[in-house]
Amino acid sequence: MHFETRCVHTGVDKDKTFNSCITPIYPSSTFYWDDLKTHRGFDYTRSGNPTRRALEENLAALEGGLDCRATSTGMSAIVTAMHLFKPGDHIITGHDIYGGTYRLFDDLLTEQGIRFSFVDMGNPEEVRAAVTPETKGIWIETPSNPLLNLIDVEAMVAVAKEHNLISIADNTFLSPYLQNPISMGVDVVVHSTTKYLNGHSDVVGGAVITTTKEHADRMYYVVNAMGLGCSPFDAWLVLRGIKTLGPRMEAHQRNAMALAEMMDAHPAVDRVYYPGLTTHPGHELAKRQQRGFGAMLSFDVKGDASDAERVMTSFKVFQLAESLGGVESLIEYPETMSHASISMEARRKAGISDRTIRVSVGIEHVDDLIADMKQALEG
Ligand SMILES: *Cc1c(COP(=O)(O)O)cnc(C)c1O
């Protein structure tokens, strides 16, 4: 089956009582047993729920994994996946990973005795040099946030295999429609389903997709023991959102390409970060490991922070908000919003300036987006 067909049909045909065409929401917290030894596959919703299980089946299929656990947020998916490691273990990751992931790694998990190296993962030699006898994992996020730097997934997998490390990829920015890390050899994929998978900015959720029985069992154990599974209603919303993932991603990235080209030629813009532009340093790699360039882009306004502020407060269609991946176009300021939890020093080191604006391009009509961007830049 093709991807779009799996989006619509996997995990969907669940009601044999009335033959409903969609998966019902089962809000029941508990399920009664037929006798002391048998139940119908579910006993308590923290441990498992039919609606959540349908979403998990769907996501495992879309990423090409063996199993999936759907969690309450993207961060709880990341917390779950990090339970593949123990105190004393060392993990290598990028210096420009998602702000919330950075905070979790650098603060809470470091406090619990896991050690991290934040390196330039664009350079496989730097990653190889960071490996120590304690290194147990590589955490990959590509393209990165907010500057859309690309990481060569196969090169990272090669380092992981050389040293017997677990490789984990956060695939939130592209969704399984545009990139499948597991097909490139990655062991575990995590998602914030809040973004493109749900796609309508009305759920926070996450998922961990595994490729081995050992990892699947561990993730099941952690989600149940820590109580991190998503609600049946949220699972149902994400499952509904996924049905249109393919057509949405096509519309998102068509708009993003048109905007990036316009802005690249605009005198008020210093620099556009979008892998679809042939001038982007990751363009060739994106063509190789992705099936499209996605719909996240960033740009540096010419001038100073006050020019960036003027532009950001002049939009009429784009809304000033964090998050991404919904049908509506959003702009945000990494300096005070998405990346405020990272120190200024770390932001500058990662190349994020006080003139950098991030855009999540929605699926509105492209002419309206271009007109709004132009008037904000020229206003
Ligand atoms: C949003 C996001 C997360 C965190 O997800 P939440 O649903 O907000 O908890 C993790 N990684 C990336 C790349 C994200 O964009």
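This text gives an overview of the structure that appears in the document. (Residues numbered from 1 in each chain as written. Predicted model: local features only at pLDDT ≥ 70, side-chain atom pairs only at ≥ 80, totals over all residues. Heavy atoms only, no water.)

Points about the nonpolar core
The test is simple: As used here, the term nonpolar core means buried Ala, Val, Leu, Ile, Met, Phe, Trp, Tyr and Cys residues forming a set that is joined through side-chain atoms within 4.5 Å. Per-residue accessibility, obtained with a 1.4 Å probe over protein chains only, is compared with the maximum for each type, and a residue is labelled buried under 20%, exposed over 50%, and partly exposed between these values. A run of DSSP states H or I qualifies as a helix once it reaches four residues; a run of E qualifies as a strand once it reaches two. Both are numbered from the N-terminal end. As annotated, the domain borders come from an automatic or database domain assignment. Any two residues whose heavy atoms approach within 4.5 Å at even a single point are treated as in contact.
Core analysis: the largest hydrophobic core is formed by 78 residues, its most contacted members being Leu259, Met263, Leu297, Phe299 and Met373. Of the residues forming this core, the biggest block, seven residues, is contributed by helix α10 (residues 245-264). Domain assignment of the residues forming this core places at least three in each of domain 1 (3-242) and domain 2 (245-378). Beyond its immediate sequence surroundings of up to four residues, Phe299 is in contact with Met263, Val269, Arg271, Val272, Tyr273, Arg355, Thr356, Ile357, Val359, Met373 and Leu377. By size, the runner-up hydrophobic cluster in this structure holds 22 residues, among which are Ala77, Ile78, Phe85 and Phe105.

Concerning helix α12 (residues 305-312)
In an α-helix, one full turn covers 3.6 residues, which means residues spaced three or four apart are oriented alike. Under the convention used in this document: Regarding the arc, it is the one traced by the directions from the helix axis to the C-beta atoms.
For α12, the complete set of buried residues consists of Ala308, Val311 and Met312. Looking straight down α12, one finds that the buried residues subtend no more than 95 degrees of arc, so they occupy a single side. Of the surrounding elements, those touching the buried residues of α12 are β9 (296-301), β10 (319-320), β11 (330-332), β12 (356-360) and α14 (366-378).

Section: unusual backbone geometry
In this model, Thr142 is joined to Pro143 through a cis peptide bond whose omega is -5 degrees. With respect to the element layout, Pro143 can be found in the loop between β4 (135-141) and α6 (153-162). Backbone torsion omega between Asn145 and Pro146 reads 5 degrees, so that peptide bond is classified as cis. With respect to the helices and strands, the residue Pro146 is situated in the loop between β4 and α6. Even without a glycine there, the phi angle at Asn164 is positive, about 60 degrees. By the secondary structure assignment, Asn164 is in the loop between α6 and β5 (166-170). Judged by its relative accessible area of 69%, Asn164 falls in the exposed class. Backbone geometry at Ser323 places phi at a positive 75 degrees, although glycine is not the residue there. Its location among the elements puts Ser323 in the loop between β10 and β11.

A closer look at the packing of helix α2 (residues 50-63) against helix α9 (residues 232-242)
Where we set the bar: The angle between two axes is taken between their N-to-C directions and runs from 0 to 180 degrees, where each axis is a line fitted to C-alpha atoms and a helix contributes only its stretch in contact. Note: crossing handedness is left-handed where the near helix turns anticlockwise from the far helix by less than a right angle, and right-handed where it turns clockwise. Put simply, Ala, Val, Leu, Ile, Met, Phe, Trp, Tyr, Cys and Pro go in the nonpolar bin, Asp, Glu, Lys and Arg in the charged bin, and everything else, Gly too, in the polar bin.
α9 packs onto α2 with a crossing angle of 35 degrees between their chain directions and a minimal axis gap of 8 Å. Seen along the crossing, α2 lies across α9 with a hand that is left-handed. Of the residues in α9, those in contact with Thr51, Arg52, Ala54, Leu55, Asn58, Leu59 and Leu62 of α2 are Pro232, Ala235, Trp236, Val238, Leu239 and Ile242. Of the residues belonging to the contact of α2 with α9, the class tally is 10 nonpolar, two polar and one charged.

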